[in-house]
Amino acid sequence: MAKKPKVASNTIALNKRARHEYFIEQEIEAGLELQGWEVKSLRAGKANIGDSYVMFRNGEAFLFGGTITPLNMASTHIVCDPTRTRKLLLNKKELDSLYGKVNRDGFTVVALSLYWKNAWAKVKIGVAKGKKLHDKREDIKDREWKVAKERIMKNANRG
């Protein structure tokens with residue numbers, strides 16, 4: 001009997017820490033301007049966006065801090081920089097909205113996830129506001145209460 005083919009996940013990398021450190025106000029999907037070796041590395045799942053954030057320069061948005069580790073078989077005539085800044089592909093309205101929120105309202109823009117959409121690599125960015133320590137504690141308390149409530153309900157349904 002042949003093995004069932006694995007269903008490939010569209011997600012390449014997640015920034016789990018972002019939701020812990022920030023309140024995410026808005027999420028936007030953006031394209032990434034990539035080189036060939038980067039696409040191959042993404043297909044192999046060699047990406048990390050844990051410390052990445054978005055900066056604005058000359059009316060354009062760039063992803064800083066994202067790491068794409070080059071494959072060993074990468075071409076020898078290309079110099080691979082794993083932490084290079086990558087341009088985000090957004091339309092003018094989205095750029096203006098993000099720029100205004102960051103400069104006026106004190107928000108920051110962080111990368112939430114990196115994923116495939118059809119054949120294109122996309123990054124989901126979030127307009128975020130930093131959490132204070134007591135906010136993080138409240139989130140942990142809420143999460144633990146949810147788990148305890150599920151456990152209580154599960155045991156109540158058995159009897």
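I will try to describe carefully the structure that is included in this document.

Definitions and cut-offs
Position numbers for residues count from 1 along each chain, tracking the sequence in the order it is written. A pLDDT threshold of at least 70 governs which residues receive local features in this predicted model, and a stricter bar of 80 or more applies before side-chain atom pairs are shown or counted, although totals over entire chains, interfaces and linings include all residues. Computation of side-chain values covers all heavy atoms of the structure but excludes hydrogens and water. Labels follow the DSSP assignment, with helices taken as runs of H or I lasting at least four residues and strands as runs of E lasting at least two, numbered in each case from the N terminus. Each residue gets one of three labels from its accessible area relative to the maximum for its type: buried under 20%, exposed over 50%, partly exposed in between, using a 1.4 Å probe on protein chains only. Residue contacts are defined here by distance: any two heavy atoms, one from each residue, within 4.5 Å place the two residues in contact. Only the protein chains shown count as cover for residues, and all accessible areas are computed by the Shrake-Rupley method using a 1.4 Å probe. The working definition used for a salt bridge is a side-chain nitrogen of Lys or Arg within 4 Å of a carboxyl oxygen of Asp or Glu. Side-chain atoms alone can form a polar contact between residues adjacent in sequence; in general such a contact is a pair of N or O atoms within 3.5 Å, and within protein one must be able to donate a hydrogen while the other accepts it.

Observations concerning the overall build of the protein chain
Scanning the protein chain from N- to C-terminus turns up four helices and nine strands. Along the first, second and third principal axes, the C-alpha atoms of the protein chain reach 65 × 60 × 25 Å. Within the protein chain, the fraction of its 159 residues that count as buried is 31%. Taking the intrachain contacts of the protein chain between residues at least 6 apart in sequence as the baseline, contacts between residues at least 24 apart amount to 68%. Accessible surface for the protein chain amounts to roughly 11,200 Å². Of this, 52% is attributable to carbon and sulfur atoms.

Digging into the pattern of salt bridges
Under the counting rule described, the total for this entry stands at eight salt bridges. Between K117 and E29 there is a salt bridge; the shortest N-O distance is 3.2 Å. Within this pair, whereas K117 is found in strand 8 (residues 108-117), its partner E29 is found in strand 2 (residues 22-32), the two being separated by 88 residues in sequence. Residue class for K117 comes out partly exposed when judged on its relative accessible area of 39%. Here E29 falls in the partly exposed class, since its relative accessible area comes to 30%. E38 is the salt-bridge partner of R84, the closest N and O atoms lying 2.9 Å from each other. On the criterion of sequence distance, the pair formed by R84 in the loop between strand 6 (67-68) and strand 7 (86-89) and E38 in helix 2 (residues 36-43) is long-range, its members being 46 residues apart. The buried category is assigned to E38, whose relative accessible area is 0%.

Examining the environment of R17
Of note, R17 is situated in helix 1 (residues 16-21). In this structure, the C-alpha to C-alpha distance between R17 and L112, residues 95 residues apart in sequence, is 8.8 Å. Apart from residues no more than four positions distant in its own chain, R17 is found in contact with G50 and D51. Within the structure, R17 has its side chain in polar contact with the side chain of D51 (distance 3.0 Å).

Here we look at the side chain of S113
Mapped onto the elements of the fold, S113 is located in strand 8. Leaving out residues up to four positions away in the same chain, S113 has contacts with A13, L14, I49, K122, V123 and K124.

Observations regarding unusual backbone geometry
A positive phi angle, close to 55 degrees, is found at N58, a residue other than glycine. You can see N58 is positioned in the loop between strand 4 (53-57) and strand 5 (60-64). For N58, a relative accessible area of 76% gives the class exposed. For N118, which is not a glycine, the phi torsion comes out positive at approximately 60 degrees. Mapped onto the elements, N118 comes out in the loop between strand 8 and strand 9 (120-130).

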